[in-house]
Amino acid sequence: MVREFPLYHPQPDVAAAAYGAALHLANVSVKAQGDGFVEGFNPILPGNFICQKTRQPSHPFGIFYGDNPLSYSFPLMLLEISFVVIATRLVRFVLKPFRQPRIVAEILGGIIVGPSVLGRSKKFTSFLFPQNADFMVKNIGIMGFMYFLFVSGVKMDLTLITKTGKKHIWISVASMLFPMGFILAIGFLLRNSMDKDMANVSSIGAVASSVSITAFPVLYPLLKELNLLSSEVGRMALATSVVSDAIGINALVAFEASKQTEAQSKDAGWYVLSMVFVLALLVAIRKVMQWLVYKARDGKPVDQAYIVFIILGALSMGFVTDMFGLAIGNGPMWLGLVIPDGPPLGSTLVERTETIATEILMPFSFAFIGMYTDVSSVAFVWPTLKPLVAMVITGYVTKIISTCLACLYFKIPMRDSLALSLTLSLRGQVELLLFIHWMDKQILHPSYFTMMVLLTTMITAICTPLISLLYDPTKPYMLSKRRTIQHTAPGTDLRILLVIQDQESVSGLVNLLEASNPTSATPFSITALCLIELVGRANPVFIDHQKQSQVPAQYGACLTIHNALGFYQETRSECVKLQSYTAVTPRRTMYQDICEQALLHKSTLILLPFADDVAVDGGAAAVAGGSDRRSGVRSVNSLVLSHAPCTVGIFVDKGYLRNPLVTASFGHAPHHFAVLFLGGADAREALAYADRMLGNPEVSLTVVRFLSFNGEGDSEMEKKLDDGVVTWFWVKNEANERVIYREVVVRNGAETVAAIQAINDNSFDLWIVGREQGINPVLLEGLSDWTENLHELGIIGDYVGATDFGGSASVLVIQQQILREQVTNGRP
């Protein structure tokens, strides 16, 4: 439902001409039913009525019959949908290089559609948004806001309030209390120069609350877009915003009650009774939602009929709250809050609703905002806007300073404090909906509304790039200290971070660990991190299985993995220590959780599983209950390789690491591994890891070193380092009957591949190869065009790991730690 907002009535001293120009957009029709006509009232010309025909067929006969399709409602609606979506997409594309978030681009797209830019042309307005059709855009826009708040409510975890520490609470209070106090003080000082409606106590309080309170539904998508959900600043911002939202909901209720009292005191009583009724209704709905979750406890999907009923219930709750004067956006938001987040119910609702809401409906919401935003009208009433601008700018500056000082008090680094302060100042959809609501309540007039929209866009457009410049969540992962296998002292424990994304990869990783020779003299300290994609909730979840025995039912599948690893640890308790964790996080920030755990546990090696296309197509069940997407796993592995604080190994498991057909004919060892040594830091790390494996008497090893003909393309420094490591390895294992060393001279990549294929006689169980650092390019010449998984496995790793390579040997690709100095000097 679209309300027609009251019009701005200027002070007597405002020139009539300026008054008329400023309110050109505000001539909004007051709709009345009657014999197919709508009568529009123009407040500037009293008694002037415009009659327009609205009843007409929905579909034309066709242009060949002389019909204009845009004279009919349904074709016009289709064109409006296409134009609005394309316009907002184009603005997003243009602003992307400037690090502007999606919300800024969409607000500007809406303003372009409105009277500030394209709408200034009467031909454009009459062609695409005539007065008898623009109400469709506005109605769809309101629905977009409703479903945006509904989805945000489903994702929101209110229990986070009880888990929030004192630090977050005090930062949240400081970020709200000080700006609110300053805004109220300035508002009352400048009260005499304000518009009469703006000078009300409730109006000043409304502006103060909107600036000082950070809305969780706005903050979450912005943090997700900035890849900060799993970062320290992102987690603090989410926890702080949940506390802020809890206060903000109560502040909104108090504001609505005070606004009701301005008319008649008894209206506040009816308002409170309406609140009680709605809360009782929500409690009953909560019981039904819990019953649905209990019904689906065995992994069964929630029935489609219930999902449809709940999605339609968002519209019904909006009707109920709007009917009682509780604001139309509150109903869907509160309904979302009472729905249990995460799988099975919350994730299903988000998957079914989010795309339609954000990609189809929300562009209309921003077009709705743009239709009431007229930048040209601001200049004509600037004197009356100065107090509002002073209040808002003072509030934002005070909020940034007070939040930063509160963070510094708790000894948070300066850059992180500034980043958090700017993050909590971001504004978006919730504030825009509030502005619409305030127009409905006669707090804001069109020019005031325009100024608030511009200020909201400005603060978000300024803060977002500054956050990216101030805070890099990956910076702590790049170390100057060596954390590599090659530089791990003999006799010390090898710290391994084991990353698991599906149950099928567990057995292969355990076999690899066992073949890597954990002993009492060379023990393993294993940190197992089970990753689950975050769906249906906003806050990432981190579970420490040593401290938390009870795991939420929706994440119970991870217990199977940790129980299997626990059983392995019990059988090897004298040489294996295990710590188990589960991280529920968005896939695009999983690499941050992996790198953070590697940093905290001082890991030397991160082991990642490689999910090949066969496994994915075969329906390998993910921990979260669905099949892993190959592209998603590839993205996580590639990002870990770029930011890891230690050595990384990617394991391509073909299921034959413990092949019973392999005989003991070679060195009396049931396992036969091969190292393809092409030179460089990664190859040296791979050889160091293979040397550790040789401590296992069941392992035999063949090392094949590739050299370029006449040393063409060799780096002198890399060649000296390679010679030193190979000499050390050969001297150490010269008398070992389980070791064979060969050298092959090649001229190009084709000869390298041919040499590898020549030794591929199905006797190997595992290929160990360095990824890419330091390899002589001559050895790989002509091969890059035939590589599909270059960013994960490197050229040679991808070649021996391909299904058409032949053989059943698994592949372990090693990348040595990339030091901070290498990144600074431009090395990968």
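Throughout this description, residue numbers start from 1 for each chain and increase along the sequence as written. Local features are withheld for residues below a pLDDT of 70 in this predicted model, meaning they are given only at 70 or higher, and side-chain atom pairs are given and counted only at 80 or more; totals for whole chains, interfaces and linings count all residues. No hydrogens and no water enter the side-chain calculation; it runs on all heavy atoms of the structure.

Asks: What is the right way to read the overall build of the protein from this model?
Replies: The secondary structure listing takes helices from DSSP runs of H or I that are at least 4 residues long and strands from runs of E that are at least 2 residues long, numbered from the N terminus. Scanning the protein from N- to C-terminus turns up 28 helices and 13 strands. Whether a residue is buried, partly exposed or exposed follows from its accessible area with a 1.4 Å probe, protein chains only, as a fraction of its type maximum: under 20%, in between, or over 50%, in that order. Here the protein holds 828 residues, and 55% of them are scored as buried. We call two residues contacting when some pair of their heavy atoms lies within 4.5 Å. Long-range pairs, those at least 24 residues apart, make up 80% of the contacts in the protein with a sequence separation of at least 6. Of the roughly 36,200 Å² that the protein leaves accessible, carbon and sulfur atoms contribute 61%. Here, Shrake-Rupley sampling with a 1.4 Å probe gives the accessible areas, and only protein chains in the shown set may cover a residue.

Asks: Hey, could you run me through the pattern of salt bridges in this one?
Replies: Side-chain pairing between opposite charges can occur once the charged atoms of the two side chains come close. Salt-bridge detection follows one rule: a side-chain nitrogen of Lys or Arg within 4 Å of a carboxyl oxygen of Asp or Glu. Per the stated rule, a full pass over the model turns up 17 salt bridges. In this structure, glutamate 533 engages arginine 587 in a salt bridge whose closest nitrogen and oxygen atoms are separated by 3.5 Å. Placement of glutamate 533 in strand β4 (residues 524–533) and of arginine 587 in the loop between β6 (576–585) and α21 (590–600) is noted, with a sequence separation of 54 residues between them. Residue classification places arginine 587 among the buried positions, given a relative accessible area of 16%. A network of salt bridges, in which partner residues are shared, links Arg89, Arg102, Glu106 and Glu359.

Asks: Got a minute to help me understand the sheet that holds strand β11 (residues 739–746) in this structure?
Replies: The criterion for strand pairing is that DSSP finds at least two bridges linking the strands in question. On the basis of which strands lie adjacent, the open sheet formed by eleven strands has the order β5-β6-β4-β3-β7-β8-β13-β12-β9-β10-β11 and mixed pairing. Of all strands in the sheet, those bounded by a partner on one side alone are β5 (541–544) and β11. Between one strand axis and the next, the sheet turns by 20° as a mean value, whatever way the strands run. Both strand β7 (residues 605–609) and strand β8 (residues 647–652) contribute to a ladder of five bridges, which runs parallel. Residue isoleucine 606 lies in a different strand from β8, and its bridge partner there is valine 648. Across the sheet, helix α19 (residues 504–515) is in contact with β3 (494–500), β4, β7, β8, β9 (671–677), β10 (699–708), β12 (766–770) and β13 (810–815); its angle to β3 comes to roughly 165°. What counts as an axis is a line fitted to C-alpha atoms, over the stretch in contact for a helix, and the angles between N-to-C directions run from 0 to 180 degrees. The strands that helix α25 (residues 716–733) touches are β9, β10 and β11; relative to β10, the one it contacts most, it runs at about 150°.

Asks: Where do I start with the nonpolar core in this structure?
Replies: One broad trend across soluble globular proteins is that nonpolar side chains are buried collectively. Buried Ala, Val, Leu, Ile, Met, Phe, Trp, Tyr and Cys residues form a nonpolar core when they are joined through side-chain atoms within 4.5 Å. The biggest cluster of nonpolar side chains holds 129 residues, and the ones touching the most others in it are Phe150, Leu345, Trp438 and Leu444. Among the elements that make up this core, the one with the highest residue count is helix α14 (residues 345–371) (twelve residues). Residue contacts for tryptophan 438: discarding those within four places in its chain leaves Ala206, Val207, Ser210, Phe255, Ile443, Leu444 and Met452. With 54 residues, the next largest nonpolar core counts Leu498, Val510, Val725 and Leu766 among its residues.

Asks: Is there a simple way to think about the environment of glycine 187 in this case?
Replies: Within the secondary structure layout, glycine 187 lies in helix α7 (residues 166–189). The exposure class assigned to glycine 187 is buried, which follows from its relative accessible area of 0%. Along the sequence, glycine 187 and alanine 208 sit 21 residues apart, while their C-alpha atoms lie 8.8 Å from each other. When residues no more than four places from it in sequence are discounted, the contact partners of glycine 187 are Met194, Ile204 and Met391.

Asks: Sorry, what's going on with the packing of α7 against helix α15 (residues 382–409) here?
Replies: Packed helix pairs are characterised by how far apart their axes lie and by the angle those axes make with each other. For the pair α7 and α15, interaxial distance at closest approach is 8 Å and the crossing angle is 150°. By the criterion of interaxial angle, the relationship of α7 to α15 is roughly antiparallel. In terms of crossing hand, the pair formed by α7 and α15 is right-handed. Between α7 and α15, the contacting residues are Ile171, Ala174, Ser175, Phe178, Pro179, Phe182, Ile183, Ile186 and Gly187 on the first element and Ala390, Met391, Thr394, Gly395, Thr398, Lys399, Ser402, Thr403, Ala406 and Cys407 on the second. The classification used treats Ala, Val, Leu, Ile, Met, Phe, Trp, Tyr, Cys and Pro as nonpolar, Asp, Glu, Lys and Arg as charged, and all other residues, Gly among them, as polar. When grouped by side-chain class, the residues that make up the contact of α7 with α15 number eleven nonpolar, seven polar and one charged. Under this scheme an angle from 65 to 115 degrees is roughly perpendicular, one under 35 degrees roughly parallel, and one over 145 degrees roughly antiparallel; angles in between are oblique. Throughout, a crossing is termed right-handed when the near helix is turned clockwise from the far one, and left-handed when it is turned anticlockwise from it by less than a right angle.

Asks: Which parts of the structure should I look at to understand the side chain of serine 212?
Replies: With respect to the secondary-structure elements, serine 212 resides in helix α8 (residues 201–212). Reaching out from serine 212, the side chain makes a polar contact with the backbone oxygen of alanine 208 at a distance of 2.7 Å. Every residue in contact with serine 212, bar those within four places of it in the chain, is listed here: Ser175, Met176, Pro179, Met180, Lys399 and Arg427. The definition of a polar contact used here is a pair of N or O atoms within 3.5 Å, where within protein one atom must be able to donate a hydrogen and the other to accept one, and adjacent residues in sequence count solely through side-chain atom pairs.

Asks: Which parts of the structure should I look at to understand the side chain of serine 603?
Replies: Inspection of the secondary structure puts serine 603 in the loop between α21 and β7. Ignoring any residue separated from it by four or fewer positions in sequence, one finds serine 603 in contact with Arg483, Arg495, Ile496, Leu497, Gln597, Ala598 and Cys646.

Asks: Teacher, can you tell me more about helix α2 (residues 73–95) here?
Replies: Multiplying 1.5 Å by the residue count of a helix minus one yields the expected span of that helix. Between its terminal C-alpha atoms α2 stretches 33 Å, which fits the 33 Å expected from 23 residues at 1.5 Å a residue. Along α2, the positions that sit buried rather than exposed are Pro75, Leu76, Glu80, Val84, Val85, Ala87, Thr88, Val91 and Leu95. On its buried face, α2 is in contact with α3 (102–113), α4 (122–128), α5 (134–155) and α14.

Asks: Looking at this model, I keep getting lost on the packing of α2 against α14. Mind explaining?
Replies: Two numbers describe how α2 lies on α14: the axes approach to 9 Å, and their chain directions differ by 85°. The angle between α2 and α14 falls in the class roughly perpendicular. For the pair α2 and α14, the contacting residues are Glu80, Ile81, Val84, Val85, Thr88, Arg89 and Arg92 in the first and Glu359, Pro363, Phe364 and Ala367 in the second. Its residues assigned to classes, the contact of α2 with α14 shows six nonpolar, one polar and four charged.

Asks: Looking at this structure, how should I read a positive patch on the surface?
Replies: Patch definition: residues with relative accessible area over 30% and no salt bridge; like charges joined within 9 Å; nonpolar side chains (Val, Leu, Ile, Met, Phe, Trp, Tyr) joined within 5 Å. For the charge count, each Lys or Arg is scored as positive and each Asp or Glu as negative, with His and the chain ends excluded. Where a charge sits is defined by one atom per residue type, namely NZ (Lys), CZ (Arg), CG (Asp) or CD (Glu). Taken together, the side chains of Lys481, Arg495, Lys577 and Lys602 define a basic patch exposed on the protein surface. In this fold, lysine 602 is placed in the loop between α21 and β7.

Asks: Just checking my understanding: could you explain the pairing of β13 for this structure?
Replies: If a strand is regular, its side chains alternate between the two faces of the sheet. With six of six residues buried, β13 lies mostly within the body of the structure. Here β13 shows a buried face lined by Ser810, Leu812 and Ile814 and a second buried face lined by Val811, Val813 and Gln815. Where β8 meets β13, five bridges bridge the pair, whose relative direction is antiparallel. Bridge pairing links valine 648 to glutamine 815 in β13. Direction of pairing for β12 relative to β13: parallel, over a ladder of five bridges. Within β13, the position partnered with valine 769 by the bridge is valine 813. By convention a crossover is right-handed if, when the strands point away from the viewer, the path from the first strand over the helix to the second runs clockwise. For the crossover that starts at β12, traverses helix α27 (residues 790–801) and ends in the parallel β13, the hand is right-handed.

Asks: I would appreciate a short explanation of helix α24 (residues 681–693) in the present structure.
Replies: Given 3.6 residues per helical turn, the α-helix brings residues three or four places apart onto the same face. Taking 1.5 Å per residue, 13 residues should reach 18 Å; α24 reaches 19 Å between its end C-alpha atoms and fits that length. Of all 13 residues in α24, 13 are buried; the element is thus mostly enclosed.

Asks: Sorry, what's going on with the pairing of β9 here?
Replies: In terms of burial, β9 is largely enclosed, as seven of its seven residues are buried. Here β9 shows two buried faces, one formed by His671, Phe673, Val675 and Phe677 and the other by His672, Ala674 and Leu676. Across seven bridges, β9 lies against β10 in parallel orientation. Residue valine 675 lies in a different strand from β10, and its bridge partner there is valine 703.

Asks: What exactly am I supposed to notice about a nonpolar patch on the surface here?
Replies: Taken together, the side chains of Ile393, Val397, Ile401, Leu405, Leu408 and Met414 present a nonpolar region at the surface, about 520 Å² in accessible area. Counting residues per element, the nonpolar patch draws most heavily on α15, which supplies five residues. Examined against the element boundaries, leucine 408 turns out to sit in helix α15.

Asks: I'm lost on the environment of isoleucine 311 in this one. Help?
Replies: Here isoleucine 311 lies in helix α12 (residues 304–323). C-alpha of isoleucine 311 to C-alpha of leucine 349: the two residues are 38 residues apart in sequence and 7.6 Å apart in space. Each residue touching isoleucine 311, except ones within four places of it in the same chain, is listed here: Tyr147, Leu349, Arg352 and Thr353.

Asks: Help me understand the packing of aromatic side chains, please; the structure alone is not making it clear to me.
Replies: Each aromatic ring pair is specified by the distance between its two centres and by the angle formed by the two planes. Stacked, tilted and edge-to-face are the three classes assigned to paired rings of Phe, Tyr and Trp, where Trp is represented by its six-membered ring and a pair needs centres within 6.5 Å; plane angles under 30 degrees give stacked, over 60 edge-to-face, the rest tilted. Within the structure shown, the criterion is met by 14 aromatic pairs. Consider the rings of tyrosine 409 and phenylalanine 410, whose centres lie 5.2 Å apart with planes at 85°: the pair is edge-to-face. Since its relative accessible area comes to 66%, tyrosine 409 is described here as exposed. What makes phenylalanine 410 partly exposed here is its relative accessible area of 27%. For the pair tyrosine 799 and phenylalanine 805, a centre-to-centre distance of 5.0 Å together with 70° between the ring planes defines the contact as edge-to-face. Comment: the charge-over-ring label is applied if NZ (Lys) or CZ (Arg) is within 6 Å of the ring centre and within 35 degrees of the ring normal. In this structure, arginine 747 is placed above the aromatic ring of phenylalanine 709, and the distance from its NZ or CZ to the ring centre is 3.9 Å.

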